[in-house]
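# Architecture and fold: a report
Listed here are the chains, written in short residue letters.
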Amino acid sequence: GSGTVEIIPDACSGCGGCTAACPVMAITGPFPERQTADDQLYLDAITAPSVKELLLYYRAGYRTLVVDENHFAWRDVVERTNSLLHACHQVPFLMNYYRHDDNHASAEQLDVVIARRRFLHIGTVQRYLGKKTSPTNRLISDIFPDYQLFSININKNACSLCSSCLKLCPTGVFHYQNKQLVIESGECVGCKLCQESCPESAIEVREEIAKKTQTHYSFNVAFCPRCQNPFPSLNPGEHLCPACSMQEKLRFTGDRIGMKSLNFSA
């Protein structure tokens, strides 16, 4: 495609969910505003946050989530976020619950009531948590700079070093250095554009939290015996360049289906 995104104005509610969720910050616009007080973040039932949004609030210093026990949209997101925080050796969010139909807590008592995990009326919560806040947007890879949230594996027998991943990656995960393909997994934001666009299906991106690493794949420069052109290869046993190798595959396929009259020669 053209790489452009079309927004339908009549359908857009201006919630900012896409702005918060986009892993590469490609969307500009309003960021979801939520009610906060001190280190507490109030999650309503209208729009469930993304994992990235909760991590941004965590980075901004919020450590307690105040949630209505009757709504479940946020639960999976919170569990995934806390699992990620635990894997990064961070203290997870503290959960405090209130119930929509309880109306006996005053605004002055709310901080004590929350600490005791009692049930509160939603109006009381909203009066107390009256401040609207949105965190500074940033790449998810910048939230915990010492950790990588994704691992990237290359199938050396399949990779043709076509460089499509280098050209398409929005955060510069891939680069060449001293006859090596270098992968900075810590810069990966999980968009999987490299995996989906790889013509050889040689890239696998997995959610895997670990200390930030740098992976090096050494390659050699060989000469193709068919076209006599030099080509880089991660596989020492590769004898044909990618172009001639593709022609060989096409010829083999043509022979199998009875298309011997086609000429696939260079």
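Residues numbered from 1 in each chain as written. Predicted model: local features only at pLDDT ≥ 70, side-chain atom pairs only at ≥ 80, totals over all residues. Heavy atoms only, no water.

In the annotation of an unreviewed UniProt entry, the chain is listed under the name 4Fe-4S dicluster domain-containing protein and assigned to Escherichia coli.

## Regarding the overall build of the chain
Helix and strand counts for the chain come out as 8 helices and 12 strands. Within the span of the chain, comprising 266 residues, buried residues form 39% of the whole. Taking as baseline every contact in the chain between residues at least 6 positions apart, the subset at least 24 positions apart corresponds to 60%. Summing over all exposed atoms, the chain offers an accessible surface of approximately 15,200 Å²; the carbon and sulfur share of this is 51%. (Helix = DSSP H or I, 4+ residues; strand = E, 2+ residues; numbered from the N terminus. Buried < 20%, exposed > 50% of the residue type's maximum accessible area, 1.4 Å probe, protein only. Contact = heavy atoms within 4.5 Å. Areas by Shrake-Rupley, 256 points an atom, 1.4 Å probe, with all protein chains shown as cover.)

## With respect to the environment of Gln35
Note that Gln35 resides in strand E1 (residues 34-37). Since its relative accessible area comes to 12%, Gln35 is described here as buried. For the pair Gln35 and Thr133, spaced 98 residues apart in sequence, the C-alpha separation works out to 6.2 Å.

## Observations concerning the sheet that holds strand E8 (residues 180-184)
Judged by pairing direction, the sheet is antiparallel, and its 3 strands sit side by side in the order E7-E8-E10 without closing on themselves. Either end of the sheet is taken by a strand with one partner, and the two such strands are strand E7 (174-176) and strand E10 (214-218). Here the average twist between neighbouring strands, direction ignored, is 25°. Note: E8 against E10, 5 bridges, orientation antiparallel. Paired with Ile183 across the bridge in E10 is Thr215. (Pairing = 2+ DSSP bridges. Axes fitted to C-alpha atoms, helices over the stretch in contact; angles between N-to-C directions.)

## What about helix H2 (residues 51-59)?
One full turn of an α-helix is made of 3.6 residues, so residues set three or four places apart face in the same direction. Buried residues dominate H2, accounting for 8 of its 9 residues. For H2, the full list of buried residues reads Val51, Lys52, Glu53, Leu54, Leu55, Leu56, Tyr57 and Tyr58. Downstream of H2 by a residue or two, Gly61 has a phi angle that is positive, lying close to 110°.

## Quick word on the environment of Glu207
Locating Glu207 in the fold gives a position in strand E9 (residues 203-211). Placed 56 residues apart in sequence, Glu207 and Ser151 show a C-alpha to C-alpha distance of 6.5 Å. In this structure Glu207 touches Leu149 and Phe150, once residues within four positions along its chain are discounted.

## Observations concerning the nonpolar core
Counting 48 residues, the largest nonpolar core has Leu65, Phe144, Phe174 and Ile203 as the members making the most contacts within it. Examining the composition of this core, we find that 6 residues originate from one element, H2, more than from any other. Residue-level mapping places this core at the junction of two domains, with at least three residues from each of domain 1 (9-138) and domain 2 (142-253). Ignoring sequence-local partners within four residues, the contact set of Leu65 consists of Leu41, Leu43, Leu54, Val78, Phe93, Leu94, Met95 and Asn96. Membership of the second largest hydrophobic core comes to 6 residues, among which are Ala222, Cys224, Phe231 and Cys244. (Core = buried A, V, L, I, M, F, W, Y, C linked by side-chain atoms within 4.5 Å. Domains from an automatic or database assignment.)

## Details of the pattern of salt bridges
Taken as a whole and assessed by the stated rule, the structure comprises 6 salt bridges. Across the pair Arg34 and Glu53 runs a salt bridge whose closest N-O atoms are separated by 2.6 Å. Of the two residues, Arg34 sits in strand E1 while Glu53 sits in helix H2, which places them 19 residues apart along the sequence. Across the pair Arg80 and Asp76 runs a salt bridge whose closest N-O atoms are separated by 3.5 Å. Within this pair, Arg80 and its partner Asp76 are both found in helix H3 (residues 75-87), separated by 4 residues, close to a single helical turn. A relative accessible area of 46% means that Arg80 is categorised as partly exposed. Residues joined in a network through salt bridges with shared partners are Glu204, Arg206 and Glu208. (Salt bridge = Lys/Arg side-chain N within 4 Å of Asp/Glu carboxyl O.)

## A word on the side chain of Ser50
Here Ser50 lies in the loop between strand E2 (40-43) and H2. Every residue in contact with Ser50, bar those within four places of it in the chain, is listed here: Ala20, Ala21 and Val77.

## Topic: unusual backbone geometry
If you check the backbone angles, His89 has positive phi at about 60° while not being a glycine. Along the chain, the position of His89 falls in the loop between H3 and strand E4 (94-98). Despite not being glycine, Leu161 has its phi angle at roughly 55°, a positive value. Taking relative accessible area as the criterion, Leu161 reaches 9% and is therefore assigned buried.

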